[in-house]
4 protein chains.
Amino acid sequence: MIIVMKQGAAQPDIEAVVKRVEELGKKVHLSRGEARTIIGVIGADDHMVSEANFEVMDGVEKTMRVMQPYKLASRDFSQENSIINVPGAAIGGKKIVVMAGPCSVESREMILETAHMVKEAGATVLRGGAFKPRSSPYSFQGMGEEGLKYLAEAREATGLSIITEVMSVDEIDLVGAYTDIFQVGARNNQNYSLLKALGKTKKPVFLKRGISGTIQELLMGAEYIMSGGNMQVMICERGIRTYETSTRNTFDINAVALLKELTHLPVCADPAHGTGMASLVPAISKAAVAAGADVLMLEVHPDPKRAWSDGAQSLNPAGFSKLMTELRPIAAAVGREI
Amino acid sequence: MIIVMKQGAAQPDIEAVVKRVEELGKKVHLSRGEARTIIGVIGADDHMVSEANFEVMDGVEKTMRVMQPYKLASRDFSQENSIINVPGAAIGGKKIVVMAGPCSVESREMILETAHMVKEAGATVLRGGAFKPRSSPYSFQGMGEEGLKYLAEAREATGLSIITEVMSVDEIDLVGAYTDIFQVGARNNQNYSLLKALGKTKKPVFLKRGISGTIQELLMGAEYIMSGGNMQVMICERGIRTYETSTRNTFDINAVALLKELTHLPVCADPAHGTGMASLVPAISKAAVAAGADVLMLEVHPDPKRAWSDGAQSLNPAGFSKLMTELRPIAAAVGREI
Amino acid sequence: MIIVMKQGAAQPDIEAVVKRVEELGKKVHLSRGEARTIIGVIGADDHMVSEANFEVMDGVEKTMRVMQPYKLASRDFSQENSIINVPGAAIGGKKIVVMAGPCSVESREMILETAHMVKEAGATVLRGGAFKPRSSPYSFQGMGEEGLKYLAEAREATGLSIITEVMSVDEIDLVGAYTDIFQVGARNNQNYSLLKALGKTKKPVFLKRGISGTIQELLMGAEYIMSGGNMQVMICERGIRTYETSTRNTFDINAVALLKELTHLPVCADPAHGTGMASLVPAISKAAVAAGADVLMLEVHPDPKRAWSDGAQSLNPAGFSKLMTELRPIAAAVGREI
Amino acid sequence: MIIVMKQGAAQPDIEAVVKRVEELGKKVHLSRGEARTIIGVIGADDHMVSEANFEVMDGVEKTMRVMQPYKLASRDFSQENSIINVPGAAIGGKKIVVMAGPCSVESREMILETAHMVKEAGATVLRGGAFKPRSSPYSFQGMGEEGLKYLAEAREATGLSIITEVMSVDEIDLVGAYTDIFQVGARNNQNYSLLKALGKTKKPVFLKRGISGTIQELLMGAEYIMSGGNMQVMICERGIRTYETSTRNTFDINAVALLKELTHLPVCADPAHGTGMASLVPAISKAAVAAGADVLMLEVHPDPKRAWSDGAQSLNPAGFSKLMTELRPIAAAVGREI
């Protein structure tokens with residue numbers, strides 16, 4: 001950490017800061033510039049030394065953090081890309097993994113039909129929600145365990161792995177009994193109780209960025225899970241909330257490229273939530289692949305206008321197949337397969 | 001709901017939309033303008049009729065919602081302000097309630113000392129965190145039940161009611177055994193599992209706006225709790241995330257005033273999180289009172305530079321007393337007391 | 001426009017709104033729902049009928065606009081893509097146009113060297129600023145007319161067309177005497193005096209989105225120019241300001257795809273400003289091409305660490321050549337050339 | 001400036017950075033931490049040394065600016081509040097100045113009537129637009145010079161000073177021939193050509209924050225004017241663009257309080273644009289005064305539902321008089337008058 005003193009800070013104020021740093025067991029590196037004195041904190045584990053405590057001291061103008069607060073999730077921890085294996089897919093490897101399926105499991109027939117269709121078109125993981133976080137308490141909240149059973153049946157029938165959302169600590173055992181991958185939704189990105197509990201499980205976790213989460217907060221969410229012992233985490237850009245209302249969210253394509261620099265974890269993209277408009281999903285899927293995404297998550301519904309949730313952003317079967325075909329040369333152009 | 005058809009939409013497309021509305025059991029009101037046809041959905045409970053499903057139909061340009069999705073939380077439900085009673089305070093009444101205390105309970109002595117001090121200065125509720133949502137898994141996570149016990153002891157000693165945060169469904173019983181008011185933090189504003197479970201309790205809930213939550217989402221969070229049967233909800237503006245980085249958050253003073261129009265629930269303000277800077281807390285506290293807030297939540301610490309969390313935004317005892325004095329004429333100017 | 005009355009609005013309030021609409025020469029379409037009355041304004045030119053005037057009337061809850069406010073820029077005006085011809089490039093055609101060069105013209109030698117280099121790598125338009133909008137009055141403000149002369153000389157030497165920024169009405173004649181394309185920067189996106197004056201010129205205009213401009217405001221900026229008589233407008237996504245600070249701006253890839261739906265004008269992408277980081281420029285350039293951009297604008301500098309402005313986001317010559325090579329298969333994959 | 005090297009940066013990379021700093025005529029202060037080396041640039045005029053140029057050098061992780069880029073506008077330049085005198089008002093003094101009037105001058109009668117009314121209620125400056133920046137080229141663009149003449153006539157009749165907007169360099173002489181204070185609108189906050197030209201005039205400038213301008217950019221806008229020689233600048237918070245759409249903008253009350261810390265210039269508040277809703281203007285006006293604003297700018301129209309612009313956020317005469325009365329005790333509570 002670096003502490004910048006105010007212009008003309010009094011000597012006793014400078015000394016008080018130095019003393020406080022030393023009390024915390026750190027060394028000080030003092031630099032007197034023409035206008036300001038700057039105090040470097042050396043050997044600091046930033047987690048013990050809080051910027052906030054120095055910012056309230058007399059004569060301090062501001063503090064600046066030098067180190068990133070995440071460790072296990074960082075490229076410093078592993079230069080090599082992590083690969084997470086589930087049946088049928090090596091997530092983070094050369095082949096881009098497509099996870100596809102409806103927003104919600106709506107019936108046994110529907111999920112089986114969708115599973116066969118997305119498999120045929122090239123998906124290797126089936127998505128579908130059984131517990132749904134809905135913005136209204138009066139909306140459909142998901143089929144619950146019945147939905148999980150249909151997902152498992154679809155896995156049996158197709159060989160696809162499955163991913164489904166877990167919303168709460170007390171649901172982990174139930175969801176974990178069926179799913180191959182735990183999905184943590186955007187609204188739970190900073191539900192630390194849930195993240196800690198998932199860190200104690202042995203199944204991969206697909207962690208979505210918060211609706212207005214920073215890239216750093218996304219990596220800190222991964223760190224919460226990893227620091228509990230579960231290193232199988234993949235992180236997902238799903239659009240962020242901005243002032244622009246023409247689209248449901250603003251898909252942060254920069255984040256896809258930047259995350260590939262900052263972390264060894266697989267980087268996923270969710271163009272359906274990232275746009276909220278089915279007509280934009282193909283273009284943004286191509287962009288995400290071109291920018292380096294390892295995983296595409298897509299919403300596919302047999303009949304979007306009758307979907308119980310997220311119909312506006314779901315592809316129909318023909319649209320999904322067409323997109324898969326169009327993605328292949330893009331993937332090849334960036335040295336990948338799909 | 002209103003469905004706007006594209007310019008020159010084909011007659012069969014219009015008919016398909018009309019048919020779909022009628023299938024859903026609603027009546028149609030058709031309006032043919034010079035350029036566009038507009039289809040009104042009459043008698044609709046919007047929770048059954050999703051905009052998304054119409055937006056994917058051929059010929060539809062966009063849909064617009066007419067009704068607010070919250071009911072119990074709205075002014076339509078109750079013109080009169082709701083008052084929530086806890087020992088020593090009628091929250092939402094003429095007297096503005098001040099909830100004060102440290103970010104975290106750090107020790108028995110510290111919370112007792114703070115409790116006596118804030119009571120003397122005019123607070124009626126004591127705040128203090130025992131379970132802390134921290135952005136890093138390596139940071140102090142709160143004292144847990146030990147902290148709750150100290151809070152309860154401080155209540156005994158001072159007669160103040162207490163408020164503390166609950167982060168997870170499985171903590172509700174434990175926290176509820178001690179606290180007078182459940183606090184739901186900004187990161188859990190859309191943790192629907194938690195909100196539903198709190199709707200089944202009988203204690204008041206203090207619900208913070210999400211870090212980038214809309215005013216509507218805040219009211220929908222209240223609706224989640226209220227639809228479960230617990231009508232004792234107060235809602236809190238605590239600063240939102242914007243592009244401006246000079247302050248930790250942007251305190252949305254408009255929200256304070258607008259919420260007083262939209263809802264009968266008590267409206268709270270949290271200037272500490274709203275600014276992140278102790279030097280700004282007095283000005284923003286005054287502004288919140290001037291704009292109509294029913295409750296002020298303030299962070300007070302005996303020695304902010306040694307606080308284990310949120311030191312930069314905590315007032316010291318002298319600062320808190322001074323602020324309380326300065327707030328009195330402001331409250332009087334808007335017909336309130338404090 | 002649609003006017004939604006409040007629940008239980010009084011009959012005289014409804015009548016007053018109807019009367020006001022009719023006074024403005026429009027017809028009314030009245031729809032009484034179970035809860036609310038909705039008043040449609042038919043035959044309205046929305047530019048004469050302001051939502052604001054109805055929102056202040058008693059009993060009105062809100063108003064909703066039905067029509068887009070832009071006309072000449074919309075797809076309704078022209079289904080076919082507009083093509084803007086400059087020497088050496090048909091902007092908006094099958095071949096993606098690359099505009100490359102330094103942020104600022106720094107010297108005669110530097111711009112000539114860069115021009116030859118970018119031409120060889122495949123660019124068809126040379127960019128370079130002579131008048132620079134800098135956030136500090138103490139920063140380098142551009143070489144002015146001397147810089148324009150060097151750009152013209154580089155055009156002579158290479159056959160590249162040139163594009164450079166115009167910042168003010170009184171500079172139009174001077175800049176227009178040299179440039180092939182006027183560039184309007186993000187900070188001037190709503191400088192309507194400038195836009196109107198450019199609408200009276202006969203040279204193409206490259207209009208950047210405002211730093212926090214909406215997609216609609218970008219199109220309204222184009223409308224300002226086009227309504228003056230100059231239909232040769234291209235619009236550019238250059239990153240928007242959001243809460244995320246890991247990158248300089250958030251490149252709105254959704255906007256690239258959505259603008260292709262909404263307008264017939266050529267859609268440009270500026271990954272340098274969109275990211276602020278040279279290391280991300282290749283990935284975002286590929287993404288923009290994959291999403292449908294017609295033009296890529298890139299900052300290239302012979303030695304970025306010595307650039308007088310924007311060094312952090314400029315490619316060096318080797319990086320630019322490599323990127324051009326990598327873009328070719330992406331362009332081919334979406335049916336384009338580069 | 002501080003340059004943070006990457007973990008394990010090679011010695012030659014460190015030396016290259018040091019050499020570059022020295023080439024630029026600055027001294028280096030080297031600090032080797034356990035994990036990282038940090039290079040302080042001493043004696044730097046940051047305007048000559050660009051962070052960007054170092055960020056592209058090998059081994060550099062990031063750079064951090066130590067000094068604020070504004071000088072003349074800062075509290076370091078003057079601890080004492082600046083006072084700007086116009087006939088009838090000392091802006092920045094103990095008495096809070098109220099500037100009131102319609103969005104646009106619509107006719108001679110209307111502006112005269114409004115002027116008399118706002119004067120009687122306690123305003124000391126009359127506002128009214130003659131040149132209007134409208135988002136649509138098809139909207140009313142202002143009465144131009146005719147409007148300026150009516151404003152001047154209203155000044156004669158009432159003794160109020162007048163303020164009106166100037167949009168372009170070529171309008172400065174015309175507008176300056178009539179107005180007492182130049183207003184620069186939010187859209188021109190970074191129109192540096194205009195700001196520079198105003199720096200050469202001798203009349204006070206009222207500078208609005210950009211629609212998504214940072215507090216620093218606002219102060220840099222003031223710096224542009226002041227560095228040209230005109231020190232009579234006042235700055236205005238007018239609401240910023242955020243994700244929240246319930247209100248037209250988000251009034252940044254934090255900015256009002258923080259600007260009073262950062263600058264000696266008078267700080268103004270514009271609750272009409274800050275909210276977009278007349279019903280919220282009284283509450284936000286009170287809040288702004290409570291938070292320390294020196295000036296309130298208010299939109300007042302004899303009949304808001306017939307206003308040619310901004311009717312939804314304008315007070316009617318009765319509302320304005322009532323608000324002025326209610327503001328007096330708030331001003332007194334913070335040691336001011338109004």
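Read on for an overview of the structure. Worth saying up front: this structure is predicted, and the values here are computed from it rather than measured.

Definitions and limits used
- Residues numbered from 1 in each chain as written.
- Chains lettered and ligands numbered in written order.
- Predicted model: local features only at pLDDT ≥ 70, side-chain atom pairs only at ≥ 80, totals over all residues.
- Heavy atoms only, no water.
- Helix = DSSP H or I, 4+ residues; strand = E, 2+ residues; numbered from the N terminus.
- Buried < 20%, exposed > 50% of the residue type's maximum accessible area, 1.4 Å probe, protein only.
- Contact = heavy atoms within 4.5 Å.
- Pairing = 2+ DSSP bridges.
- Axes fitted to C-alpha atoms, helices over the stretch in contact; angles between N-to-C directions.
- Expected span 1.5 Å × (residues − 1).
- Bend = angle between axes of the 7 residues up to and from the residue.
- Buried area = accessible area lost by both parts, 1.4 Å probe.
- Salt bridge = Lys/Arg side-chain N within 4 Å of Asp/Glu carboxyl O.
- Polar contact = N/O pair within 3.5 Å; in protein donor to acceptor, adjacent residues only side chain to side chain.
- Nonpolar A, V, L, I, M, F, W, Y, C, P; charged D, E, K, R; others polar.
- Least-squares fit on C-alpha atoms with pLDDT ≥ 70 in both.
- Left-handed = near helix turned anticlockwise from the far one by under 90°.
- Disulfide = S-S within 2.5 Å.
- Right-handed = clockwise from strand over helix to strand, strands pointing away.
- Phe/Tyr/Trp six-rings, centres within 6.5 Å; stacked < 30°, edge-to-face > 60°.

The helix and strand tally for chain A stands at eleven helices and 14 strands. Considered along the principal axes of its C-alpha atoms, chain A spans approximately 75 × 45 × 40 Å. Counting across all 338 residues of chain A, residues that qualify as buried make up 66%. Restricting the contact set of chain A to residue pairs at least 6 apart, pairs at least 24 apart contribute 67%.

What follows concerns the sheet that holds strand S14 (residues 295–299) of chain A. Residues and elements named next belong to chain A. As summarised here, the arrangement of the eight strands in space is S7-S8-S9-S10-S11-S12-S13-S14, forming a closed barrel in which the pairing is parallel. In this sheet, neighbouring strand axes are inclined to one another by 25° on average, regardless of whether the strands run parallel or antiparallel. In terms of strand pairing, strand S12 (residues 233–237) meets strand S13 (residues 267–269) through three bridges, oriented parallel. What sits directly across from cysteine 236, in S13, is cysteine 268. Lying over the sheet, helix H7 (residues 215–227) contacts strand S11 (205–208) and S12, oriented at roughly 160° with respect to S12.

All right, on to helix H11 (residues 317–333) of chain D then. Over its 17 residues, H11(D) extends 25 Å from the first C-alpha to the last, a length consistent with the 24 Å expected when each residue adds 1.5 Å. Helix geometry: H11(D) is bent most strongly at D:Leu327, by close to 25°, with proline D:Pro329 lying one to four residues after it. The complete set of buried residues in H11(D) reads D:Phe320, D:Leu323, D:Met324, D:Leu327, D:Ile330 and D:Ala331. On its buried side, H11(D) packs onto helix H10 (281–291) and helix H11 (317–333) of chain B together with strand S7 (97–101), helix H3 (108–121), helix H10 (281–291) and strand S14 (295–299) of chain D. Backbone geometry just after H11(D) places D:Gly335 at a positive phi near 75°.

A word on the interface of chain C and chain B. The interface of chain C with chain B comprises 25 residues on the first partner and 25 residues on the second. For the pair chain C and chain B, the summed buried area comes to about 1900 Å², and 64% of that belongs to carbon and sulfur atoms. Inspection of the region where chain C meets chain B yields two salt bridges. One can count one residue pair in polar contact (both at pLDDT 80 or more) joining chain C with chain B. Going through the elements one at a time, strand S1 (2–5), strand S2 (27–32), strand S3 (37–42) and strand S4 (60–64) of chain C are the ones with two or more residues in the side of chain C that touches chain B. For the side of chain C that touches chain B, the element with the most residues is S2(C), which contributes four residues. Counted by class, the side of chain C that touches chain B contains ten nonpolar, seven polar and eight charged residues.

In this section: the relation of the copies chain C and chain D. It takes a turn of 180° to lay chain C on chain D, together with a shift of 0.0 Å along the axis; the resulting RMSD is 0.0 Å. Within this description, the copies of the chain are treated as partners about a two-fold rotation axis. When C-alpha positions in chain C are compared against the rotation axis, the closest is assigned to C:Ser212, at 3.0 Å. When the interface residues of chain C are mapped onto chain D, 98% of them again fall at the interface, so both copies present the same face.

So, on to the interface of chain C and chain D. Between chain C and chain D, the contact holds 46 residues from the first and 45 residues from the second. Buried area between chain C and chain D, both sides added, is near 3800 Å², and the carbon and sulfur share of it is 50%. Area buried by chain C at its contact with chain D is led by C:Tyr138, C:Arg241 and C:Lys305, which between them contribute 16% of it. Counting across the interface, chain C meets chain D through four salt bridges. Between D:Arg306 and C:Glu23 there is a salt bridge, with its nearest N and O atoms 3.2 Å apart.

Residue and element names in this part refer to chain A. As enumerated under the stated definition, the model contains 87 salt bridges over all chains in all. The shortest N-O distance in the salt bridge between arginine 36 and glutamate 61 comes to 3.0 Å. On the criterion of sequence distance, the pair formed by arginine 36 in the loop between strand S2 (27–32) and strand S3 (37–42) and glutamate 61 in strand S4 (residues 60–64) is long-range, its members being 25 residues apart.

Looking now at the environment of A:Ala283. Position of A:Ala283 among the secondary structure elements: in helix H10 (residues 281–291). Using a relative accessible area of 15% as the deciding quantity, one classes A:Ala283 as buried. Residues A:Ala283 and A:Glu80 lie 203 residues apart in sequence; the distance between their C-alpha atoms is 29 Å. Look past the residues within four positions of A:Ala283 in its chain and what remains in contact with it is C:Ala257, C:Ala290 and C:Ala291.

With that out of the way, let us pick up the side chain of A:Arg238. Mapping A:Arg238 onto the fold places it in the loop between S12 and helix H8 (253–262). Excluding its chain neighbours within four sequence positions, the residues that come into contact with A:Arg238 are A:Ala186, A:Lys208, A:Arg209, A:Ile211, A:Asn249, A:Asp270, A:His273 and A:Gly274.

Moving on: the side chain of A:Arg36. The buried category is assigned to A:Arg36, whose relative accessible area is 7%. At 3.0 Å, the side chain of A:Arg36 forms a polar contact with the side chain of A:Glu61. The residues touching A:Arg36, leaving out its near neighbours within four places in the chain, are A:Val4, A:Met5, A:Lys6, A:Gln7, A:Ser31, A:Glu61, D:Val66, D:Met67 and D:Asp76.

A word on the packing of helix H3 (residues 108–121) of chain B against helix H4 (residues 145–158) of chain B. Residue and element names in this part refer to chain B. Two numbers describe how H3 lies on H4: the axes approach to 9 Å, and their chain directions differ by 35°. The interaxial crossing formed by H3 with H4 has right-handed handedness. Contacts from Arg108, Ile111, Leu112, Ala115, His116 and Lys119 of H3 reach H4 at Tyr150, Leu151, Glu153, Ala154, Ala157 and Thr158. Here the contact of H3 with H4 is composed, by residue class, of seven nonpolar, two polar and three charged.

Such a bond, covalent and formed between the sulfur atoms of two cysteines, is termed a disulfide. The full count for this structure, using the stated rule, is zero disulfides over all chains. The structure places no disulfide on C:Cys236, whose sulfur is separated from the nearest cysteine sulfur, that of C:Cys268, by 5.3 Å.

Attention now moves to the pairing of S7(D). Residues and elements named next belong to chain D. For S7, the tally of buried residues reaches five of five residues, placing the bulk of the element in the interior. Taking every second residue as pointing to the same face, both faces of S7 are buried, with Val97, Met99 and Gly101 on one and Val98 and Ala100 on the other. The sheet contact formed by S7 and S14 spans five bridges and is parallel. Considered in S14, the bridge of valine 97 is made with valine 295. Alignment of S7 against strand S8 (residues 125–127), held across two bridges, turns out to be parallel. Its bridge partner being in S8, alanine 100 is matched across the sheet by leucine 126. Following the backbone out of S7, through H3 and into the adjacent parallel S8, one traces a crossover that is right-handed.

Turning next to the sheet that holds S2(A). Residues and elements named next belong to chain A. Pairing is antiparallel in the open sheet, where four strands are placed in the order S2-S3-S1-S4. Each edge of the open sheet is held by one strand with a lone partner, namely S2 and S4. Here the strands of the sheet are splayed against their neighbours by 20° on average, with no regard to which way each runs. Contacting strand S1 (2–5), S2, S3 and S4, helix H1 (residues 11–23) crosses the sheet at an angle of about 155° to S2.

Within the secondary structure layout, D:Lys149 lies in helix H4 (residues 145–158). Along the backbone, D:Lys149 and D:Gly239 are 90 residues apart, and their C-alpha atoms lie at a distance of 30 Å.

Once that is clear, we can look at the packing of aromatic side chains. Residue and element names in this part refer to chain A. Within the structure shown, the criterion is met by eight aromatic pairs over all chains. Between phenylalanine 140 and tryptophan 308 the ring centres are 4.9 Å apart and the planes differ by 90°, which places this aromatic pair in the edge-to-face class. Taken as a pair, phenylalanine 140 in the loop between strand S8 (125–127) and helix H4 (145–158) and tryptophan 308 in the loop between S14 and helix H11 (317–333) lie far apart in primary sequence, 168 residues in all. Of the residues examined, phenylalanine 140 reaches a relative accessible area of 26% and is grouped as partly exposed. For tryptophan 308, a relative accessible area of 42% gives the class partly exposed.

Without other data, these values stay purely geometric and don't point to any function.
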